[in-house]
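Single-letter residue listing:
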Amino acid sequence: MTERDEATEATRREGHARANLAPSGTKYFERGALVGRYVIIDKLGEGGMGVVYSAFDPELDRKVAIKLLTARSGEGSTSGGDQAWLLREAQALARLQHPNVVAVHDVGTLASDQVFVAMELVDGATLRGWLRAASRTWREVLPVMRAAGAGLAAAHAAGLVHRDFKPENVLVGKDGRVRVMDFGLARLANGPRASGLGPREDRSDAPEARSPMSDALTMAGQVVGTPAYMAPEIYDGVAADARTDQFAFAVTLAEALYHGRPFERKDLVPPRAAAPKPKLPAEARVPAALERVVVRALAIDPAQRFAAMEELLAALAIDPAATRRRAGVAGGAVMAIAAVAVVARLASRGSPPLCKGIDKRLAGVWDPTTSKKVHDAFVATKLPFAERSYGELAKALDGYAKDWVGTAVGSCEATRVRGEQTEKIQSLRQGCLDQRLEELAAVTRALSDPTKSVVEKSGKVIEELEPLGDCSNVLALAEPTAPPPELIPRLRELDAKLAEAKAQVIVGNYISAGGTAVAISKLARDIHYAPAEAVAEQIRGMTLMVALSYQDAEHAFVGAALSGLASKHDDIAAHAALSVAMVDVEGLGKPGEAKVWLEVAQAAAKRYGADPLTEMRIDELAGVVAAHNGDVSAAMASHEKALAEGTSYFGHDNPLLWEHEQIYATSLTNALEYAAAVPHFERARELRERVVGKEHLDIAVILSNLGICYMHLRDPRAKDTLERSLAMREKLFGKASPILVAPLDNLGSYQLQAGDLAGAIATLERALKLSAMMPGKDHPAYHQVATDYALALSGAGRFADARKLLDDALAIEDRTHSPIKPTTETARAELALAEAAWADAVAHGQAAIDGFEAAGGKDNPELWRPLSDVARADVELGQRAAAQPLYARALAIGEKLHLNAAELAATRDGLAALQRSTGP
């Protein structure tokens, strides 16, 4: 345990004591007061949410800005909860590092529900002050606003929403750098916002500082923002998101360009006109192309705005003057060719309009003929779920094809019709879309000759197709190094081969995919084009992983990730790094290494602005890695987030959610939240049965997990559920398959709980032999079975056998640094209790406590067992005073988890006995 430094604590208390409390309830700090380690210099400004000071950081010898945020309790909430929320929001902002976002150096909490945020102190003015300092032309405004927009886009990519973008929250430094500040920190304010970090003179004379109608506000703790900049959907009760930030950005841009706001408040609040038009003065000298961008971003309907800030920024990158120059070439000859232009227009009346007919490119890729061919091939397998699987597949591919056409048409019109996008950007986006179409064509060809596994997983195809959203991420598309022109013909050949290999992986033809990947790798090396080699290595790694060649798969994935990073293809690097993490944690049992590669994937994904599906995969794998590292609470949080992302992406009733429901439910089970896990397992079962029926392996897996929950809840359905899961797998794979390890272990645990020692020993001995073969004695799965088997042996009085088994497991865990070691130490402590070896029980129990706390903190739900074990041993050793707090802590954890009364009976009885003996 970490002890506090008493001198530091005394100094902090002294600094707090010097603060004054104003009648308004705002706490002010005088010059020289301490906030954390920071020494207050001067007050810069204040608002209803808090106060901003300049301060000095003695540790790093620099000036900083300190913002004090006061949590305000509202209806149905507590100020303490709001303080925790503010702290989390500030910590999230601190992780965002971008040149156009004010850097957050440190965050912390103070008394009276305050949170302090230490930020860089910017020497400059707010955007409001900068605009007022001189008459700014659109040429001066545009680069400043593009820089601010880049900061917003970076925040959105990191999952942050600003909620109150306006000129007061943008700083223009004297160094020329533009920074956005105050992301998300207004959400819990019940009054005016603190106005920023710029000089005081920029705030004191701003109308927004005085007008109640322009202050940030909260309605029932939810609606946040400054009314003049709030998107109309916010007034309708829709939660703020990236599109509402885009609207606020557009209002600010319009204000900067046209010297006035585009809407009055009455235009935005309900009831309002169907589509009020923004008021943009005709006399303003703003190019028409730029005005079209502004008008689109100001659309009342969020769906009519740009898909993302990146797309808006790409449109703002157009040089309107260059457009005019191109239009005015040979200006003196305009009159001479006017008649020719009229004739040309008349002659073209029968020609197709611009950007029409793009849907015809789906012919032979996914059209009625192709759909029927795939349907007939599915039905021909005679699998009982073939028709249902095809139905889910067709629905998913219909949606993907429709989205492809919509994205292609939208990109075309942005360039050819509305002039909002350059030809270069259009070419980049269309090249990406062409690759996606080629991959779709390869997949539908492969689906025309399906195997059983293809029919089983057909609905999941849509998850494994490359996301279309990446083709709208202009910043990511433009970032990689362009190939030299002479390579273009050979790269087309590579693209076709890559599409074929990806399709073979998606439909499960791994042998074919592996051969193609090897050929691609050689071709890519021959022409020295790293991105293609990286993708080929990624595909080869997947085929090796399926073949259980984990070491070789890891090597291939690492090569792919490094090639992706070296060639500045962050998307390739992110997916390859995710694959390294996956094979390390699930195949090689190396969760420590997996965590490092997961962080690489997260960083690469952040740089290119990953799509929602990739973000979901990252969160899901983060949960798996956390679980294998013993941090079950972090795993549960990551998987809860991933499930929410999946629900948002696929829709609440999509059968594809079954796997994500199961992953989250498994995390709940690992955190001992059995009652909470049951409805998610049952939901997963219901969704999956819609597609594959009741006799599928996936259903057997869900049943096994459900059985464990029922067992801990003392639900009478446990025995039948576990036995049915095992019988289904024995029927599918035989009685000697390693696939049986998990259901055998679960059934053996139930038999042990039910008092059937002979049955438990037989079942767990069978599981142990199978797990020794696969995944092997070094893997955590083997150790889990060994732990349960040892408990059964101990129950039967076979102490020596149990001790040898557990000590051998602990030796392996010491060597491999296994995250499951605290669980094994717990079992070893309980064996020592059974043998009345009290000192050994304390030693092993304390080792388990230390391990669980290191992995998941002092509230780790796994702690209740070793805490109880050490407490009982302490009682037997006469250390009754030491035992009582351990029993109390174990009971508190168990009751918080709503553990079954029978599981907590010994702990509760032990504590009660101590309390009786020490009572009055």
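Please read all numbers here as calculations on a predicted model, not as lab measurements.

1. Describing the overall build of the protein
Moving on, step 1. Counting its regular elements, the protein contains 40 helices and 13 strands.
Moving on, step 2. Considering the protein as a whole, with its 920 residues, one finds that 53% of them fall into the buried category.
Moving on, step 3. Within the protein, counting contacts between residues at least 6 apart in sequence, those at least 24 apart form 62% of the total.

2. Thoughts on the packing of aromatic side chains
Moving on, step 1. Counting across every chain of the model gives 5 aromatic pairs.
Moving on, step 2. Aromatic pair Phe165 and Phe249: ring centres 5.7 Å apart, planes at 50°, arrangement tilted. Linking Phe165 in the loop between helix H4 (138-157) and strand S10 (170-173) with Phe249 in helix H8 (residues 242-258), this pair joins segments that are 84 residues apart in sequence.
Moving on, step 3. The class of Phe165 is buried, set by a relative accessible area of 1%.

3. Some thoughts on the nonpolar core
Moving on, step 1. Within the largest apolar cluster, 117 residues are counted, with the highest numbers of intra-cluster contacts made by Phe378, Leu393, Leu397, Trp404, Leu447, Leu465 and Leu805.
Moving on, step 2. Among the elements that take part in this core, helix H15 (residues 386-416) stands out by supplying 12 residues, more than any other.
Moving on, step 3. Beyond its immediate chain neighbours, meaning those up to four positions away, Leu805 contacts Leu768, Tyr782, Ala786, Tyr789, Ala790 and Leu793.
Moving on, step 4. Within the second largest apolar cluster, 55 residues are counted, among which are Leu127, Ala231, Ile234 and Val251.

4. Side note on helix H26 (residues 612-628)
Moving on, step 1. Taking 1.5 Å of rise per residue, the 17 residues of H26 would be expected to cover 24 Å, and the 25 Å separating its terminal C-alpha atoms lies within 8% of that figure.
Moving on, step 2. Of all 17 residues in H26, 12 are buried; the element is thus mostly enclosed.
Moving on, step 3. At its buried positions, H26 is contacted by helix H18 (461-464), helix H24 (570-587), helix H25 (591-608), helix H27 (632-650) and helix H28 (658-670).
Moving on, step 4. Gly630 sits one or two positions beyond H26 and adopts a positive phi of about 90°.

5. Quick notes on the pattern of salt bridges
Moving on, step 1. In this structure the tally under the stated criterion is 43 salt bridges.
Moving on, step 2. One salt bridge in this structure joins Glu140 and Arg136, with 3.9 Å as the shortest N-O distance.
Moving on, step 3. A residue is classified by how much of its surface remains accessible, and Arg136, at 16% relative accessible area, is buried.
Moving on, step 4. Among the charged side chains, a salt-bridge network with shared partners connects Arg37, Asp57, Arg62 and Asp106.

6. Comments concerning the packing of H8 against helix H10 (residues 288-297)
Moving on, step 1. At their nearest, the axes of H8 and H10 sit 8 Å apart, and the two run at 140° to each other. The element H8 and its partner H10 pack so that their crossing is left-handed. Contacts from Gln246, Phe247, Ala250, Leu253, Ala254, Leu257 and Tyr258 in H8 reach Leu290, Glu291, Val294 and Ala297 in H10.
Moving on, step 2. Of the residues in the contact of H8 with H10, the class split is 9 nonpolar, 1 polar and 1 charged.

7. Quick look at the state of the cysteines
Moving on, step 1. Scanning the entire structure with this criterion turns up 1 disulfide.
Moving on, step 2. Between Cys355 and Cys412 runs a disulfide, and the two sulfur atoms are separated by 2.0 Å. Between Cys355 and Cys412, the S-S torsion sits near -80°, and that sign places the bridge as left-handed. Here the residue Cys355 occupies a position in the loop between helix H13 (334-347) and helix H14 (368-380), and Cys412 occupies one in helix H15, the gap between them amounting to 57 residues.

8. Some words on the pairing of strand S8 (residues 114-120)
Moving on, step 1. Buried residues dominate S8, accounting for 7 of its 7 residues.
Moving on, step 2. The pairing of strand S7 (residues 104-110) with S8 spans 6 bridges and is antiparallel. Among the inter-strand pairings, Val104 is bridged to a residue of S8, identified as Met119.

9. Overview of the environment of Leu523
Moving on, step 1. If you trace the backbone, Leu523 turns up in helix H21 (residues 510-526).
Moving on, step 2. Leu523 gets classed as buried once you look at its relative accessible area, which sits at 11%.
Moving on, step 3. The spatial distance from the C-alpha of Leu523 to the C-alpha of Glu533 is 8.1 Å, given a sequence separation of 10 residues.

10. Re unusual backbone geometry
Moving on, step 1. Even without being glycine, Lys382 reaches a positive phi, approximately 60°.
Moving on, step 2. Located in the positive-phi region is Leu672, a residue other than glycine, with phi close to 65°.
Moving on, step 3. Structurally, Leu672 can be placed in the loop between H28 and helix H29 (674-692).
Moving on, step 4. Residue classification places Leu672 among the buried positions, given a relative accessible area of 9%.

11. What to know about a nonpolar patch on the surface
Moving on, step 1. The grouping of Leu732, Phe733 and Ile739 at the surface amounts to a nonpolar patch, some 240 Å² of accessible area in total.
Moving on, step 2. With relative accessibility at 38%, the residue Phe733 sits in the partly exposed group.

12. Considerations on the environment of Thr721
Moving on, step 1. Inspection of the secondary structure puts Thr721 in helix H31 (residues 718-733).
Moving on, step 2. On the basis of relative accessible area, Thr721 is assigned to the buried category, the value being 12%.
Moving on, step 3. It is 9.8 Å that separates the C-alpha atoms of Thr721 and Met711, two residues lying 10 residues apart in sequence.
Moving on, step 4. Look past the residues within four positions of Thr721 in its chain and what remains in contact with it is Leu703, Leu706, Gly707 and Tyr710.

13. Considering the sheet that holds strand S9 (residues 124-126)
Moving on, step 1. Spatially, S9-S10-S11 is the arrangement adopted by the 3 strands of the open sheet, whose pairing is antiparallel. For this open sheet the edge positions go to S9 and strand S11 (178-180), each flanked by a neighbour on one side alone. Strand after strand, the sheet turns through a mean of 25° between neighbouring axes, direction not considered.
Moving on, step 2. For S9 and S10, the ladder comprises 3 bridges, and the chain directions are antiparallel. Bridge pairing in S10 links Thr126 to Leu171.
Moving on, step 3. Along the sheet, H4 contacts S10 and S11; its crossing angle with S11, the most-contacted strand, is approximately 40°.

14. Observations concerning the side chain of Thr669
Moving on, step 1. Relative to the helices and strands, Thr669 resides in helix H28.
Moving on, step 2. By relative accessible area, Thr669 is classed as buried at 12%.
Moving on, step 3. Contacts of Thr669, omitting those with residues within four sequence positions, involve Tyr674, Ala677, Phe681, Ile708 and Cys709.

15. Some remarks on H25
Moving on, step 1. Look at H25: 26 Å from first C-alpha to last across 18 residues, which is about the 26 Å you get at 1.5 Å a residue.
Moving on, step 2. Looking at H25, one finds that the buried residues are Pro591, Ala594, Trp597, Leu598, Ala601, Ala604, Ala605 and Tyr608. One face of H25 carries all of its buried residues, which in axial projection span an arc of 130°.

16. Digging into the confidence of the model for the protein
Moving on, step 1. Mean pLDDT over the protein stands at 78; residues scoring 70 or higher make up 80%.
Moving on, step 2. Counted against residues more than four places away or in other chains, residues 186-223, with its pLDDT under 50, gives 109 contacts.

17. Some words on the packing of helix H32 (residues 741-753) against helix H33 (residues 757-773)
Moving on, step 1. Their axes nearest at 8 Å, the elements H32 and H33 cross at an angle of 160°. Overall, the two elements H32 and H33 adopt an arrangement that is roughly antiparallel. Classified by chirality, the crossing of H33 by H32 is left-handed. Contact residues: Val741, Leu744, Asp745, Leu747, Gly748, Ser749, Gln751 and Leu752 in H32; Leu757, Gly759, Ala760, Thr763, Leu764, Arg766, Ala767, Leu770 and Ser771 in H33.
Moving on, step 2. Residues of the contact of H32 with H33, tallied by class, amount to 9 nonpolar, 6 polar and 2 charged.

Conventions we followed
Residues numbered from 1 in each chain as written. Predicted model: local features only at pLDDT ≥ 70, side-chain atom pairs only at ≥ 80, totals over all residues. Heavy atoms only, no water. Helix = DSSP H or I, 4+ residues; strand = E, 2+ residues; numbered from the N terminus. Buried < 20%, exposed > 50% of the residue type's maximum accessible area, 1.4 Å probe, protein only. Contact = heavy atoms within 4.5 Å. Phe/Tyr/Trp six-rings, centres within 6.5 Å; stacked < 30°, edge-to-face > 60°. Core = buried A, V, L, I, M, F, W, Y, C linked by side-chain atoms within 4.5 Å. Expected span 1.5 Å × (residues − 1). Salt bridge = Lys/Arg side-chain N within 4 Å of Asp/Glu carboxyl O. Axes fitted to C-alpha atoms, helices over the stretch in contact; angles between N-to-C directions. Left-handed = near helix turned anticlockwise from the far one by under 90°. Nonpolar A, V, L, I, M, F, W, Y, C, P; charged D, E, K, R; others polar. Disulfide = S-S within 2.5 Å. Pairing = 2+ DSSP bridges. Patch = residues over 30% accessible without salt bridge, like charges linked within 9 Å, V, L, I, M, F, W, Y side chains within 5 Å. Areas by Shrake-Rupley, 256 points an atom, 1.4 Å probe, with all protein chains shown as cover. Arc of directions from axis to C-beta. pLDDT = per-residue confidence, 0-100. Parallel < 35°, antiparallel > 145°, perpendicular 65-115°, else oblique.

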